[in-house]
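Chain by chain, the residues:
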Amino acid sequence: MSLPTQTLFYVATIALIVPMTLALVRSVLGPSTYDRISALNSFGTKTVLLIALTGFLFGRPEWLDLGVVYALMNFIGTLAVLRFSKYGSLASLGPVPDREDGTPTPPVEAGDDA
Amino acid sequence: MTLALEIIGSIFLFGGIVFCTIGGIGLVRLPDFYSRCHAAGMTDSAGAGGVLVGLCFFAPPLVIVKLLTILVFIWLSSTVSTHALVKAAYARGLRLEQPRVRDWVKPAPSDAAEEPPDTERGVAEEEE
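Residues numbered from 1 in each chain as written. Chains lettered and ligands numbered in written order. Predicted model: local features only at pLDDT ≥ 70, side-chain atom pairs only at ≥ 80, totals over all residues. Heavy atoms only, no water.

**With respect to the overall build of chain A**
At step 1: A tally of regular secondary structure across chain A gives 3 helices and 0 strands.
At step 2: Ordered by position from the N terminus, the helices and strands of chain A form the series α-α-α.
At step 3: The burial tally for chain A puts 38% of its 114 residues in the buried class.
At step 4: Here the analysis covers contacts within chain A between residues at least 6 apart in sequence; of these, 41% occur between residues at least 24 apart.
At step 5: Of the accessible surface of chain A, which amounts to about 6200 Å², a share of 70% is contributed by carbon and sulfur atoms. (Helix = DSSP H or I, 4+ residues; strand = E, 2+ residues; numbered from the N terminus. Buried < 20%, exposed > 50% of the residue type's maximum accessible area, 1.4 Å probe, protein only. Contact = heavy atoms within 4.5 Å. Areas by Shrake-Rupley, 256 points an atom, 1.4 Å probe, with all protein chains shown as cover.)

Structural data, given as structure tokens:
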């Protein structure tokens, strides 16, 4: 790989670490759970981009398969954490608990898009 | 020819990284959860699009297929998870902090009762 291309990929990889750090800051700061879930979802997407970039940098484009797997895991993980935070467990599908300020959650009406 | 392709690829690549950085700054600086979800969505759609399309210009054809597959999957899955997240947060009572426009999901107040503006932070108060 020629030197300008390699420099390009090095600079791009280092430049991608900055938004990853910002997402981590939001995941630590975020006052609500949903802020943290959103920040980690975006961190996972940037991880996939980092995997693709470093795969090209080290001359191993086979690492894109790892990127596909991690994108899948990120998506499923976000939905699993959402389900856990709503129901308190990954297994049971009991009634939805009340809202955190005490008001009861309204039931889903027919015709409401779930 | 190869140099021209590499220049175009690097433009897309850095455009994607600029969008990722703007999304990251938005994640830290915006005041409200729903605004931050928009910033995160910008990272997923334009940031990932720019980076992966930019990498296509450096790769043999099989790798281009893999990159575009990852891109399409990221676009579909991030849209779905952002929608699920925002809908779950709204259903659990996380309201807009300082609504400057009307909250279209909440039903409009009647003309008789004039409600004060909703300035509580919803579930954020419980976390502190």
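Next comes the rest of the write-up.
**Focus on the packing of helix 1 (residues 3-29) of chain A against helix 2 (residues 33-57) of chain A**
Residue and element names in this part refer to chain A.
At step 1: Running from N to C, helix 1 and helix 2 cross one another at 165 degrees; their axes reach a closest spacing of 9 Å. As far as their axial angle goes, helix 2 and helix 1 are roughly antiparallel. Here the hand of the crossing between helix 1 and helix 2 comes out left-handed.
At step 2: For the contact of helix 1 with helix 2, the residue count by class is 18 nonpolar, 6 polar and 4 charged. (Axes fitted to C-alpha atoms, helices over the stretch in contact; angles between N-to-C directions. Parallel < 35°, antiparallel > 145°, perpendicular 65-115°, else oblique. Left-handed = near helix turned anticlockwise from the far one by under 90°. Nonpolar A, V, L, I, M, F, W, Y, C, P; charged D, E, K, R; others polar.)

**Overview of a nonpolar patch on the surface**
At step 1: Side chains of Val-68, Val-69, Tyr-70, Leu-72 and Met-73 of chain A sit close together on the surface and give an oily, nonpolar patch of about 410 Å² of accessible area.
At step 2: Locating Tyr-70 of chain A in the fold gives a position in helix 3 (residues 64-87). (Patch = residues over 30% accessible without salt bridge, like charges linked within 9 Å, V, L, I, M, F, W, Y side chains within 5 Å. Salt bridge = Lys/Arg side-chain N within 4 Å of Asp/Glu carboxyl O.)

**Things to note about the confidence of the model for chain A**
All names here are of chain A.
At step 1: On average, chain A scores 84 in pLDDT, and the residues at 70 or more come to 76%.
At step 2: Confidence, read as mean pLDDT per element, is least for helix 3 in chain A (90) and greatest for helix 2 (93).
At step 3: A low-confidence stretch, residues 110-114 (pLDDT under 50), is modelled with 2 contacts involving residues beyond four sequence positions or located in other chains. (pLDDT = per-residue confidence, 0-100.)

**Quick look at empty space enclosed by the protein**
At step 1: A complete count under the given rule lists 2 cavities of 30 Å³ or more for this structure.
At step 2: Each pocket or cavity is described by its volume, and for the largest cavity that value is around 60 Å³.
At step 3: Taken together, Asn-41, Gly-44, Thr-45, Val-48, Ala-71, Asn-74 and Phe-75 of chain A together with Ile-74, Ser-77, Ser-78 and Ser-81 of chain B form the lining of the largest cavity.
At step 4: Of all the secondary-structure elements, those providing two or more residues to the lining of the largest cavity are helix 2 and helix 3 of chain A together with helix 3 (61-91) of chain B.
At step 5: Residue composition of the lining of the largest cavity, grouped by class: 4 nonpolar, 7 polar and no charged.
At step 6: Volume-wise, the second largest cavity comes out at about 30 Å³.
At step 7: Contributing to the lining of the second largest cavity are Ser-38 and Asn-41 of chain A together with Cys-37, Ala-40, Asp-44, Thr-82 and Leu-85 of chain B.
At step 8: Of all the secondary structure elements, the ones that give two or more residues to the lining of the second largest cavity are helix 2 of chain A together with helix 2 (33-56) and helix 3 of chain B.
At step 9: With 3 residues, helix 2 of chain B is the largest single contributor of residues to the lining of the second largest cavity. (1 Å grid on protein atoms, 1.4 Å probe; cavity = no way out; pocket = protein on both sides within 12 Å on 5 of 7 lines; lining within 4 Å. Points joined across faces, edges and corners; volume = space filled by probe spheres on them.)

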